[in-house]
Amino acid sequence: MSDILDNICDDSKCIAYILEHIDPKLNVTDNDIQYVLDLICEYYADNNLVDDNNEQAEIAEDDMFNYIMAAIRKEKIVILNDEQVEAIIDQEYEFGKLEGFYE
């Protein structure tokens, strides 16, 4: 799972993929996407999903979404609604499948 973090948290390819595939009407920026990706990585770390021995970790999508939205509301670094965050998470997942990080 740490390979996933290395490629998602630090890889501009993921951001470029999301920007290319997300609905332009959602008006998300590369900074918005990077922030959500950082929160995804924090969620993985906080839930011990980044252990190399945990290759087949189950990710509770609702929990991850709620974690991200709570951080967005608390930190107020970006202003994103549920639809925008959901779309970013969905596209991150699609990118991860293409790259072989997720099954």
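Please read all numbers here as calculations on a predicted model, not as lab measurements.

(A) Looking closely at the nonpolar core. The biggest cluster of nonpolar side chains holds 31 residues, and the ones touching the most others in it are Ile68 and Ile72. Mapped by element, the contributors of at least two residues to this core are helix H2 (12-21), helix H3 (30-46), helix H4 (61-75) and helix H5 (82-99). Ranked by residues supplied to this core, first place goes to H3 with eight residues. Setting aside its immediate chain neighbours within four residues, Ile72 contacts Tyr35, Leu39, Val78, Leu80 and Val85.

(B) Representation of the pattern of salt bridges within the structure. Enumeration over the complete set of coordinates arrives at three salt bridges. A salt bridge links Asp82 to Arg73; its shortest N-O distance comes to 3.6 Å. We classify Asp82 as partly exposed; its relative accessible area is 38%. Assessed through its relative accessible area of 52%, Arg73 is described here as exposed. Across the pair Glu94 and Lys97 runs a salt bridge, and its minimum N-O distance is 3.3 Å. On the criterion of helical spacing, the pair formed by Glu94 and Lys97 is a turn pair, its members being three residues apart in helix H5. A relative accessible area of 30% means that Glu94 is categorised as partly exposed. By relative accessible area, which is 35% here, Lys97 ends up partly exposed.

Cut-off values and rules
- Residues numbered from 1 in each chain as written.
- Predicted model: local features only at pLDDT ≥ 70, side-chain atom pairs only at ≥ 80, totals over all residues.
- Heavy atoms only, no water.
- Core = buried A, V, L, I, M, F, W, Y, C linked by side-chain atoms within 4.5 Å.
- Buried < 20%, exposed > 50% of the residue type's maximum accessible area, 1.4 Å probe, protein only.
- Helix = DSSP H or I, 4+ residues; strand = E, 2+ residues; numbered from the N terminus.
- Contact = heavy atoms within 4.5 Å.
- Salt bridge = Lys/Arg side-chain N within 4 Å of Asp/Glu carboxyl O.

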